[in-house]
Amino acid sequence: MKKQINQLTLLATLFALAFGFQSCEQKEKTKEVEKEVTIESEKPEYFLLRPEVEKAYGYSHAVKIGNDIKISGAVSMDDEGNPTAIGDMEQQMKNCYSDLEKILKHYGCTFDDVVIENIFTTNMPLLLEKSGFRAEIYKNHFPTGSWLGVKELALPEFMVEIEMEAHKSE
C-alpha cells in the first residue's frame, strides 16, 4: 500500500511539474505573440487646397491616415471661394476633377487609386448627360460610389460636388 501511495505521489508530482512547465512555455509564447502584434498608431496628415477658404468654412480638404485618403467634396470655385463656370455642369465637373487631381498628386496618387467617389448634384438629368468624360479620368476602372440628387449645395451656383476616398498602395 505504501508503495502505491509513493507511486501516486510521484505521479502527481510529475504531472504538476509537467503542467507547470507547459504553463510557463505557454506564457513565453503569449509574450512573443504580444510583441509581434504591437501596432503603432497612425497620425493623420491634413491637407488644405485653399487654406483661407477652408479655414473660413471650417474643414480640411483631405486627410490621410495610413494608406487611406479621405477627400472632402470638391466644387467649382476659384482660390477666393467664388463659384466658377456658373450654369455649366460639364465645366463645373471638370473643375472639380482638376482640384481632386491636385489633392491626389499631393499624396502621390492618381485616379487609379480612388476606391470611392460620391457625386452630389442639383440636376441629375444634366449630370447624367454630361458625365461621359469620366471615362477619360478613370481609364483603368471606375471606383465604387453613389450619385445623389440634392435640393441644394453650399452655394446656389454650385451644380455638382464630388467627394472621394483613395487608397495608396505601398
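This one's a predicted model, so the numbers in the text were calculated from it and none came from an experiment.

1. A short note on the overall build of the protein chain
Then comes step 1: For the protein chain, the helix and strand inventory stands at 5 helices and 6 strands.
Then comes step 2: A burial count over the protein chain gives 29% of its 170 residues as buried.
Then comes step 3: Across the protein chain, every contact between residues at least 6 apart in sequence was considered, and the portion connecting residues at least 24 apart equals 69%.
Then comes step 4: Here the protein chain displays about 11,400 Å² of accessible surface, and carbon together with sulfur accounts for 55% of that area.

2. Remarks on the sheet that holds strand β2 (residues 62-65)
Then comes step 1: Here we have 6 strands laid out as an open sheet, ordered β1-β2-β3-β6-β4-β5, and mixed in their pairing. Every other strand in the sheet has two partners, leaving β1 (45-47) and β5 (144-149) as the edge strands with one partner each. Between one strand axis and the next, the sheet turns through 10 degrees on average, direction left out of account.
Then comes step 2: As defined by bridge partners, strand β4 (residues 114-121) adjoins β5 across 6 bridges and the pair is classed as parallel. Paired with Phe 120 across the strands is Leu 148, a residue of β5.

3. Side note on the environment of Arg 134
Then comes step 1: Along the polypeptide, Arg 134 turns up in helix α5 (residues 134-137).
Then comes step 2: A sequence separation of 41 residues divides Arg 134 from Met 93, and the C-alpha atoms of the two residues are 9.3 Å apart.
Then comes step 3: Residues in contact with Arg 134, not counting those within four places in the same chain, are Met 93, Tyr 97, Glu 117, Ile 119, Phe 142, Pro 143 and Trp 147.

4. Let's talk about the pattern of salt bridges
Then comes step 1: Counted by the stated rule, this structure contains 7 salt bridges.
Then comes step 2: Taking the shortest distance from any N to any O, the salt bridge between Arg 50 and Asp 99 comes out at 2.8 Å. Note that Arg 50 is positioned in the loop between β1 and α2 (51-57) and Asp 99 in helix α3 (residues 89-106), a separation of 49 residues in sequence. The pair Arg 50 / Asp 99 is uniform in exposure class, with both members buried.
Then comes step 3: In this structure, Arg 134 engages Glu 117 in a salt bridge whose closest nitrogen and oxygen atoms are separated by 2.5 Å. Residue Arg 134 is found in helix α5, and its partner Glu 117 is found in strand β4; the two are separated by 17 residues along the sequence. Across this residue pair, the class does not change: Arg 134 and Glu 117 are buried.
Then comes step 4: Beyond isolated ion pairs, a larger network of salt bridges with shared partners links Arg 50, Asp 79, Asp 99 and Lys 102.

Definitions and cut-offs
- Residues numbered from 1 in each chain as written.
- Predicted model: local features only at pLDDT ≥ 70, side-chain atom pairs only at ≥ 80, totals over all residues.
- Heavy atoms only, no water.
- Helix = DSSP H or I, 4+ residues; strand = E, 2+ residues; numbered from the N terminus.
- Buried < 20%, exposed > 50% of the residue type's maximum accessible area, 1.4 Å probe, protein only.
- Contact = heavy atoms within 4.5 Å.
- Areas by Shrake-Rupley, 256 points an atom, 1.4 Å probe, with all protein chains shown as cover.
- Pairing = 2+ DSSP bridges.
- Axes fitted to C-alpha atoms, helices over the stretch in contact; angles between N-to-C directions.
- Salt bridge = Lys/Arg side-chain N within 4 Å of Asp/Glu carboxyl O.

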